[in-house]
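Structure at a glance
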Amino acid sequence: MTKRIGILTSGGDCGGLNAAIRAAALRAHHGYGWTTIGIAHGTLGLLDHPVTARVLDAKRLDAALARQGGTFLGSTNRGDPFAFPMPDGTLCDRSAELAEGVRSLALDGMIGIGGDGSLDLLRRLFAPTGVSFIGIPKTIDNDVPHTERAIGYSTAVAIATEALDRLQPTGVSHARIMVLEVMGRDAGHIAIAAGIAGGADVVLVPEVAWRLDHVVKHIAALRTQGRTSALVVVAEAAGQSDESPTPADDAPSRHGMGHWLSHRLAAASGAEARATVLGHVQRGAMPTAEDRLLAAALGVRAVDLLAEGKADRMVAWWNRKVIDVPLDKVVGRARTVDPAGSLVATARALGICLGDTA
Ligand code: F6P
């Protein structure tokens, strides 16, 4: 009998999701003669009655799909089925209902594309169904452990770098400090990579404790060298260091970091400053070649793992190879920027201020 595998995308979207879905469905069809069922809106589709899902026709998955941003299946980063928000304000455990939805599809295997939080959730949701589950890592934050790359990160870094390329000339023209706030949740991977690639003067990440006065001094030193403008990248969760001389009560925890910093830098330096919050622009773009390549390699291998009878594993990219690791090694352990790692060392060597010294 023809095997049936399900596929869904969960959590925030990013570049490369469509390429991964396509790769998995093509591998299932051409490699094994299997049918792939695409589930709509992540776990939400499995809670519908009947479930919202459809057979993915391999003939219609042409290369154009791999070029498109977003996920044609839809996704959600809300509505945990273990604690689902109900209209009356209560939380309801709908995991058994979801398992029923999975059973109704008569699946032999399931592929979930998500970040570490989503993969943890999916793994726990699928365990009672008896359906083999394989995870594919994706997130612009690039904080999934045991993989050097998650799908979507390369695209986000490319967009943030391009934003710096565009902010630099306008900053010079108006002699302004240009602050770019990037996403990344609690990790500074996008900030440090884009900061180096885009020639930032200052990069502030959650992993390095920084002080506003160090940043101000660094920018003042640039002035003495004849520079009239500065490029500052701040990760959305860079927060405010405890050591900062400014009061903590007006510091934003995550949202609003860029504007807060820009006001503070303007007040402390006397220069004009402007903030750009890049936001979801980092997620919705045409994926880079690197993300499409990663998506293709991981999508194909995820199906191969199901064919080999494996379950509860995540495909990963390590030392230029596709590997797979047990999901229990991945969940609950976000991989943040190593303050002693190569990228931080590179930034320092280039004279980029990380805010821990001037
Ligand atoms: O995890 C991906 C991410 O884009 C984070 O970088 C960001 O903090 C968050 O999702 C934004 O979530 P939402 O789409 O709910 O605004």
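Residues numbered from 1 in each chain as written. Predicted model: local features only at pLDDT ≥ 70, side-chain atom pairs only at ≥ 80, totals over all residues. Heavy atoms only, no water.

**Re the site of the ligand**
Asn 77, Arg 78, Ile 140, Asp 141, Met 183, Gly 184, Arg 185, Glu 236, His 280 and Arg 283 make up every residue found near the ligand. One nitrogen or oxygen atom from the side chain of Asp 141 is found 2.7 Å from an oxygen atom belonging to the ligand. At 3.0 Å from an oxygen atom of the ligand is found a side-chain nitrogen or oxygen belonging to His 280. For the ligand, whose accessible area on its own is 400 Å², the fraction buried by protein is 84%. (Near = heavy atom within 4 Å. Polar contact = N/O pair within 3.5 Å; in protein donor to acceptor, adjacent residues only side chain to side chain. Areas by Shrake-Rupley, 256 points an atom, 1.4 Å probe, with all protein chains shown as cover.)

**Digging into unusual backbone geometry**
That bond from His 49 to Pro 50 is cis: its omega, -5°, falls within 30 degrees of zero. Within the secondary structure layout, Pro 50 lies in the loop between helix H2 (43-47) and strand S3 (53-55). The backbone of His 41 shows a phi angle near 55°, a positive value even though the residue is not glycine. Within the fold, His 41 resides in the loop between strand S2 (35-39) and H2. Take His 41: its relative accessible area is 42%, and that puts it in the partly exposed class. Positive phi is not limited to glycine here, since Asn 319 has a value of about 50°. (Helix = DSSP H or I, 4+ residues; strand = E, 2+ residues; numbered from the N terminus. Buried < 20%, exposed > 50% of the residue type's maximum accessible area, 1.4 Å probe, protein only.)

**Describing the packing of aromatic side chains**
Taken as a whole, this structure holds two aromatic pairs when the rule is applied. Aromatic side chains Phe 126 and Phe 133 sit 5.5 Å apart centroid to centroid with 15° between the ring planes, which places their arrangement in the stacked category. A relative accessible area of 2% places Phe 126 in the buried class. The ring of Phe 84 is capped by Arg 94, whose NZ or CZ atom sits 4.6 Å from the centre of that ring. (Phe/Tyr/Trp six-rings, centres within 6.5 Å; stacked < 30°, edge-to-face > 60°. Lys NZ or Arg CZ within 6 Å of the ring centre and 35° of its normal.)

**Some words on the side chain of Ser 154**
Among the structural elements, Ser 154 can be located in helix H6 (residues 153-174). Classification of Ser 154 as buried rests on a relative accessible area of 11%. When neighbours within four sequence positions are excluded, Ser 154 is seen to be in contact with Thr 288, Glu 290 and Asp 291. (Contact = heavy atoms within 4.5 Å.)

**Some words on helix H10 (residues 289-307)**
Compared with the 27 Å implied by 1.5 Å per residue over 19 residues, the 27 Å span of H10 between its first and last C-alpha is a close match. Every buried residue of H10 is accounted for by Asp 291, Leu 294, Ala 295, Leu 298, Gly 299, Arg 301, Ala 302, Val 303, Asp 304, Leu 305 and Leu 306. Gly 309 sits one or two positions beyond H10 and adopts a positive phi of about 80°. (Expected span 1.5 Å × (residues − 1).)

**What about the packing of helix H1 (residues 17-32) against H10?**
Contact pair H1 / H10: the axes reach a minimum separation of 7 Å and the direction vectors enclose 40°. Here H1 is positioned oblique relative to H10, judged by the angle of their axes. Here the hand of the crossing between H1 and H10 comes out right-handed. On the side of H1, the interface is formed by Ala 19, Ala 20, Ala 23, Ala 24, Arg 27, Ala 28 and Tyr 32, while H10 contributes Arg 292, Ala 295, Ala 296, Gly 299, Val 300, Val 303, Asp 304 and Ala 307. Here the residues of the contact of H1 with H10 are counted per class, giving eleven nonpolar, one polar and three charged. (Axes fitted to C-alpha atoms, helices over the stretch in contact; angles between N-to-C directions. Parallel < 35°, antiparallel > 145°, perpendicular 65-115°, else oblique. Left-handed = near helix turned anticlockwise from the far one by under 90°. Nonpolar A, V, L, I, M, F, W, Y, C, P; charged D, E, K, R; others polar.)

Function-wise, these values are silent; they only describe arrangement.
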